[in-house]
Amino acid sequence: MRLAPRALCRAARAAWRENFSLDGRDVARWFPGHMAKGLKKMQSSLKLVDCVVEVHDARIPLSGRNPLFQETLGIKPHLLVLNKMDLADLSQRQKIIQHLGKKGLKNVIFTNCIKDENVKQVIPAVTELVGSSCRYHRGENVELCIMVVGVPNVGKSSLINALRRQHLRKGKATRVGGEPGITRAVMSRIQVCERPLMFLLDTPGVLAPRIESVETGLKLALCGTVLDHLVGAESLADYLLYTLNRQRLFGSCIPAADTVPSSAVLGLLRGHPRAVRPFRYVQHYGLDGACDDVVSVLKHVAVRLGKTQKVKVLTGTGDVTVVQPDYPAAAHDFLRTFRRGLLGAVMLDRDVLQGPLDP
């Protein structure tokens, strides 16, 4: 007798972690409060600005944004740019927009600054926002000045460079990188458009002084807002594995045939017509199937990459040198592969989207 789809889902889900243990993790240690200086400099430059463009990672559209941006810079028109859309699962885009709208964010653009996707929408949106607002003492200025803000490593400098490519046909004006802290000071004005004449101020990434939860901190860390060693690469790899497994099993009705650890459930799922797609990390690293144990996954990754290390073990007959998998190296590769988009598009805020809309 074939089980119904709902029964298959229940059987598969029973074999996986439904929660990630957050015991003993200290968010404050990951996000030291030394970024207030950057925010003060932004505030002092606010009188020169017509509009604030906040850039954030599209994989965490509802988590990790610094609320101080809206609170302290909110007197100016505000545009939210959700960058890295190519790395995000945007199947619930409309629900994301609804959640943001409830928080007062009505102007939202999704972009991919690497391929200039939707970047052309930014200048017209800014022009319209400034045109419909009071410029106060800047009313006589012909040019527009825009401040670009955001948490670290979300693509602020990439957006500026993309705008210059689109509107001025010029190359990079600001340095970009795959780790936080590339931009360290509020820079001088950078021209990004001729008509209308528009300049942008690039700013350093500024995290909120208090992260709302440990899980939000883990999401931010997965997106590269802090250096991996501050969180622990292996701990972060475990949270990534948990997230990838949970999204495939809980994000859709039927999990793939070769992605459940239970052989009994595996046999049932193989007979289901929709149970055919393996997890991307299973394909990428050549695993036999998906696994919920990070040690097993990292061991396979290390062996596949040839990453090993010699360790001395004390025995009754003396020290013995043994060769073991290099778990930290495997964890770093797992994280880098995810951040490059090779493990598929992901929505790290799926748990927030599944909850009710804020009143």
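Parameters at a glance
- Numbering of residues starts from 1 in each chain and follows the order in which that chain's sequence is written.
- Where totals are concerned, whole chains, interfaces and linings use all residues; where local detail is concerned, this predicted model gives features only for residues with pLDDT of at least 70, and gives and counts side-chain atom pairs only at 80 or more.
- Excluding hydrogens and water, the side-chain values take into account all heavy atoms of the structure.
- Whether a residue is buried, partly exposed or exposed follows from its accessible area with a 1.4 Å probe, protein chains only, as a fraction of its type maximum: under 20%, in between, or over 50%, in that order.
- Where helices and strands are cited, they refer to DSSP runs of H or I of at least four residues and of E of at least two residues respectively, numbered from the N terminus.
- Between any two strands, pairing holds if DSSP finds at least two bridges.
- For this analysis, a salt bridge means a side-chain nitrogen from Lys or Arg found within 4 Å of a carboxyl oxygen belonging to Asp or Glu.

Trainee: Can you help me understand the pairing of strand 6 (residues 198–202) in this one?
Mentor: Consecutive residues of a regular strand have side chains that alternate between opposite faces of the sheet. Burial analysis of strand 6 places five of its five residues in the buried class, the great majority of the element. Here strand 6 shows a buried face lined by Met 198, Leu 200 and Asp 202 and a second buried face lined by Phe 199 and Leu 201. Bridge analysis of strand 5 (residues 190–193) against strand 6 gives three bridges, and the strand direction is antiparallel. Its bridge partner being in strand 6, Ile 190 is matched across the sheet by Leu 200. Between the antiparallel neighbours strand 5 and strand 6 lie four residues.

Trainee: Which parts of the structure should I look at to understand unusual backbone geometry?
Mentor: Negative phi values dominate among residues other than glycine, just as trans dominates among peptide bonds. Along the chain, Arg 195 connects to Pro 196 via a cis peptide bond; the corresponding omega equals 0°. On the secondary structure map, Pro 196 appears in the loop between strand 5 and strand 6. Despite not being glycine, Asn 118 has its phi angle at roughly 65°, a positive value. What makes Asn 118 partly exposed here is its relative accessible area of 25%.

Trainee: How should I be thinking about helix 5 (residues 93–102) in this particular structure?
Mentor: Count 3.6 residues to each turn of an α-helix, and residues three or four apart come out pointing the same way. Of all the residues in helix 5, the buried ones are Ile 96, His 99, Leu 100 and Gly 101. Positive phi shows up at Gly 104, right after helix 5, with a value of about 90°.

Trainee: Where do I start with the pattern of salt bridges in this structure?
Mentor: Tallied over the entire structure, the rule returns 11 salt bridges. For the salt bridge of Arg 17 with Asp 292, the shortest nitrogen-to-oxygen distance reads 3.3 Å. One end of the pair, Arg 17, is in the loop between helix 1 (5–13) and helix 2 (27–30); the other, Asp 292, is in the loop between helix 12 (280–285) and helix 13 (294–305), and 275 residues separate them in sequence. Residue Arg 17 is classed as partly exposed on the basis of its relative accessible area, which comes to 24%. Residues Glu 54 and Arg 65 are paired through a salt bridge, measuring 3.0 Å at the closest nitrogen-oxygen approach. Of the two residues, Glu 54 is situated in strand 1 (residues 51–57) and Arg 65 in the loop between strand 1 and helix 4 (67–72); the sequence distance between them amounts to 11 residues. Across the pair, Arg 65 and Glu 54 agree in class, each one buried. One continuous salt-bridge network, built from bridges that share partners, spans Arg 17, Asp 238 and Asp 292.

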